[in-house]
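Inside the fold
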Amino acid sequence: MLNPSLKQRGRVRQDLQPTSGSSNTMSNQVKHDKGGGKRPSSPSPALALLLLGLFILAGLIFVEQSTHDSLREKIHLQQQERRNQIFQDGHHDSTTLDKDDVSLSSGQEPQEEEHHQSQAQELKTDSIQKIYQDPNLKSDKDGRMYHLIFSTDCSEFQHWQSYLLFHSALKVKQPGTVTRIASGCSDEEQRRLQEWHLEHISNAMGEQFIVHFTPHFSGVKDENGETVGDYKFFNKPFGLRHWLENAIGFATSGSSETVVLNQEDDVVILIDPDMLLLRPITGDFSNDRDVVIGKRREKNRKYKVDHGSPFAQTYGLGTQWRSFHLSDIAGPDSPALQVSQADGGTFYPVGPPYIGTVRDMHSISLKWTEFVPRVHKEYPYLLAEMYAFCIAAAHLKLPFQLIDSLMISNIGVGGEGWPMVDKLPSENLCDFAKRPQHDIHPVPSVIHYCQRYTIGEWFFSKRRMVKDFFECDSPLLEEPPMDVVEKSDYKHPPGGSRTDLDPINAQREGFVVCGMIGALNDAGVFFKEHHCGGTGNFEKTLNLNQLH
């Protein structure tokens, strides 16, 4: 089956057609009076024919209307059955709100849906609830359930990233559910993605791998409700909230501020689609072997995710959010106004992976969706949604435990899990990076591949990656030699100049290049073995440094 984000070739939709097999016939008989009375005079033949014609015409109109009503009811029941099946099968969740968009006007609150609460109540037993009955669903040793989620649009660019993320979660045995939150799909895009996900993800990898659909959230509106721009990262806060209130669902009724969600003790892990899992993410950070943490955050360190104790990756956001007009964003009495410079830098410069209980993440989502349009009004640039998250957490008095080793991304910055990579044996590093084994050598939790990475003549960038990689006829990636790090003291990216690399940076660049190529090829082989009927292209000939 083709990538649902690519143009469908030679595919014709078969619309629902009425079925034949039952017909209504009307027999009109003229009954004669057999009594002893005087017979009435017989009507003329012309009048009799006219009356008979009118009677037959009325019968045909009745049959046509009855058939139409019956067919309409049949179609309605079939559509309802399909909707119910979506929520019962545990494969995917196609919940959508009534409106096509959410107001993100510069000075307005996002508009709540009139029937949002009742809809969430009705759908609270959807795929997430169903999947709790799956005996193969894995929790941690304490019995805690995890939900790893990531937000995307419906583009082909994020389609291949989603497949890679799902496969990496399968490979590392990530406990719990893994859900792609897809926002803003057209009806046709949603239909194709549902079909593709069912065939290539749920049926091949497991029902714990889910897709959840939401409305379009990224429109920026002015005070008059007119769309004046687009900020795609609005999808993350609004998608999180939509998923919590519709997929997890409400256990009690009431306003959004007072309701209790199902499974509120479960742990939510919010990551980005361009993240590759190297090992499972849980809420337990008590083993020092698995953790890199900054010195300033070791004081009163927390070890496990719990209510009031969320965790996240350290980001270089500093305390810039404190310089925003917090009274306008969070209100004049917001606790965010009372956060000191020291505490602001210790507890709140956070980014994905974000990890918190369902209860805490829902509280954050309510304030995050409230604050993010106002932050974007003041700061209409990249990272607006991340600053809004910091303000929401500070407003709620939810200090985060920051962890450095949840992520590696930029080889030239601190506050990430690079010390783990630096300690890996340089001999055959590329071979280890292709299939890291955390039990042998500790590795960071994810590669956030949002940069350009080069070792020698070998290169990886998500922007250069072919979008139809997960198809039967697409070749696999050419793989670097296992000693590429040892023998390469430079990098030469496409279109760039050759520059020297010191051993540390060569180790870091090589780890990501080899790790990404190895993970993509593993996922590509999995795809071809499960969906190509023995005819897939397994040649390793694709080289991103040689693409034009």
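Conventions used here
Residues numbered from 1 in each chain as written. Predicted model: local features only at pLDDT ≥ 70, side-chain atom pairs only at ≥ 80, totals over all residues. Heavy atoms only, no water. Pairing = 2+ DSSP bridges. Helix = DSSP H or I, 4+ residues; strand = E, 2+ residues; numbered from the N terminus. Expected span 1.5 Å × (residues − 1). Polar contact = N/O pair within 3.5 Å; in protein donor to acceptor, adjacent residues only side chain to side chain. Salt bridge = Lys/Arg side-chain N within 4 Å of Asp/Glu carboxyl O. Buried < 20%, exposed > 50% of the residue type's maximum accessible area, 1.4 Å probe, protein only. Core = buried A, V, L, I, M, F, W, Y, C linked by side-chain atoms within 4.5 Å. Disulfide = S-S within 2.5 Å. Axes fitted to C-alpha atoms, helices over the stretch in contact; angles between N-to-C directions. Parallel < 35°, antiparallel > 145°, perpendicular 65-115°, else oblique. Contact = heavy atoms within 4.5 Å. Nonpolar A, V, L, I, M, F, W, Y, C, P; charged D, E, K, R; others polar. pLDDT = per-residue confidence, 0-100. Right-handed = clockwise from strand over helix to strand, strands pointing away. Phe/Tyr/Trp six-rings, centres within 6.5 Å; stacked < 30°, edge-to-face > 60°. Left-handed = near helix turned anticlockwise from the far one by under 90°.

**Details of the sheet that holds strand 12 (residues 407–408)**
Strand order in the open sheet made by the three strands is 8-13-12, with mixed pairing throughout. This sheet does not close on itself; its edge strands, each paired only once, are strand 8 (275–277) and strand 12. Sheet topology places strand 12 next to strand 13 (residues 446–448); two bridges connect them, and they run parallel. When the sheet's bridge partners are listed, I408 is paired in strand 13 with I447.

**Details of helix 4 (residues 156–172)**
For helix 4, built from 17 residues, the straight-helix expectation of 24 Å at 1.5 Å per residue is met to within 8% by its first-to-last C-alpha distance of 25 Å. At the exit of helix 4 stands K173, carrying a positive phi of roughly 60°.

**Observations regarding helix 14 (residues 503–531)**
Between the first and last C-alpha of helix 14 there are 41 Å, a value that for 29 residues agrees with the 42 Å anticipated at 1.5 Å per step. Looking at where helix 14 begins, the residue whose side-chain oxygen comes 3.1 Å from the main-chain nitrogen of I504 is D502. Trailing helix 14 by a residue or two, G533 shows a phi angle of about 60°, which is positive.

**What to know about the pattern of salt bridges**
Overall, the coordinates contain 19 salt bridges when judged by the stated rule. The closest approach of N and O atoms between R144 and D306, which form a salt bridge, is 3.9 Å. In this pair, R144 is assigned in the loop between helix 3 (127–131) and strand 2 (146–152) and D306 in the loop between strand 8 and strand 9 (311–314), connecting sequence segments 162 residues apart. Note that R191 and E195 form a salt bridge whose closest N and O atoms lie 2.9 Å from each other. Separated by four residues within a single helix, R191 and E195 lie in helix 5 (residues 187–205), roughly one turn from each other. We classify R191 as partly exposed; its relative accessible area is 23%. Residue classification places E195 among the partly exposed residues on the basis of a relative accessible area of 29%. Among the ionic contacts, a cluster of salt bridges with common partners joins E188, R191, R192 and E195.

**Quick notes on the nonpolar core**
Ranked by size, the top nonpolar core spans 126 residues in total, and within it L164, W321, W368, I391 and F511 carry the most contacts. The biggest single contributor to this core is helix 14, with 12 residues. Judged by nonpolar contacts, the second largest core, of six residues, contains C154, A182, C185 and V211.

**Section: the state of the cysteines**
This model, assessed by the stated rule, comprises three disulfides. Cysteines bonded in the chain are numbered consecutively along the chain; their disulfide partners then correspond to 1-2, 3-5, 4-6.

**Some remarks on the pairing of strand 6 (residues 227–230)**
Of the pairings in the sheet, the one linking strand 5 (residues 219–221) to strand 6 comprises three bridges and is antiparallel in character. By the bridge assignment, K221 is partnered in strand 6 with T227. Linkage of strand 5 to strand 6, two consecutive antiparallel strands, is achieved through a turn of five residues, within which G225 is found at a positive phi near 85°.

**So, the packing of helix 5 against helix 14**
Look at helix 5 against helix 14: their axes get within 11 Å of each other, and the N-to-C directions meet at 100°. When the interaxial angle is binned, helix 5 and helix 14 end up roughly perpendicular. Of the residues in helix 14, those in contact with W196, E199, H200, A204 and M205 of helix 5 are F526, F527 and H531. Considering only residue class, the contact of helix 5 with helix 14 consists of five nonpolar, two polar and one charged.

**A closer look at the confidence of the model for the chain**
Counting all residues, the mean pLDDT for the chain is 82, and 74% of those residues have values of 70 or more. With pLDDT under 50 throughout, residues 5–41 is counted as low confidence; its partners more than four residues away or in other chains account for 27 contacts. Between residues 63–126, whose pLDDT stays under 50, and residues either more than four places distant or in other chains, the model counts 141 contacts.

**What to know about the pairing of strand 4 (residues 209–214)**
Burial analysis of strand 4 places six of its six residues in the buried class, which makes it a mostly covered element. For strand 3 (residues 177–183) and strand 4, the ladder comprises six bridges, and the chain directions are parallel. By the bridge assignment for strand 4, S183 is matched with T214. Following the chain from strand 3 across helix 5 to the adjacent parallel strand 4, one finds a crossover that is right-handed.

**So, unusual backbone geometry**
With omega at 5°, the peptide bond leading from P352 into P353 counts as cis. Within the secondary structure, P353 is located in strand 10 (residues 350–357). The phi torsion at K173 lies on the positive side, around 60°, for a residue other than glycine. Position of K173 among the secondary structure elements: in the loop between helix 4 and strand 3. Of the residues examined, K173 reaches a relative accessible area of 60% and is grouped as exposed. Even without being a glycine, K397 presents a positive backbone phi close to 55°.

**Re the packing of aromatic side chains**
Any pair of aromatic rings gets described here by the distance separating the centres and the angle formed by the planes. Inspection of the entire model under this criterion finds 24 aromatic pairs. Centroid distance F324 to Y387: 5.4 Å. Interplanar angle 75°. Geometry classified as edge-to-face. Residue F324 is located in the loop between strand 9 and helix 7 (326–330), and its partner Y387 is located in helix 10 (residues 384–395); the two are separated by 63 residues in the primary sequence. F324 gets classed as buried once you look at its relative accessible area, which sits at 8%. Ring centres of Y449 and F460 lie 5.9 Å apart, and the angle between their planes is 70°; this geometry places the pair in the edge-to-face category. Linking Y449 in the loop between strand 13 and strand 14 (453–455) with F460 in strand 15 (residues 458–460), this pair joins segments that are 11 residues apart in sequence.

**Side note on the packing of helix 4 against helix 5**
Orientation of helix 4 relative to helix 5, taken along the N-to-C sense of each, is 20°, at an axis distance of 11 Å. When the interaxial angle is binned, helix 4 and helix 5 end up roughly parallel. For the pair helix 4 and helix 5, the crossing hand works out as right-handed. On helix 5, the residues touching H159, Y163, F166, H167 and L170 of helix 4 are L193, W196, H197, H200, I201 and M205. When grouped by side-chain class, the residues that make up the contact of helix 4 with helix 5 number seven nonpolar, four polar and no charged.

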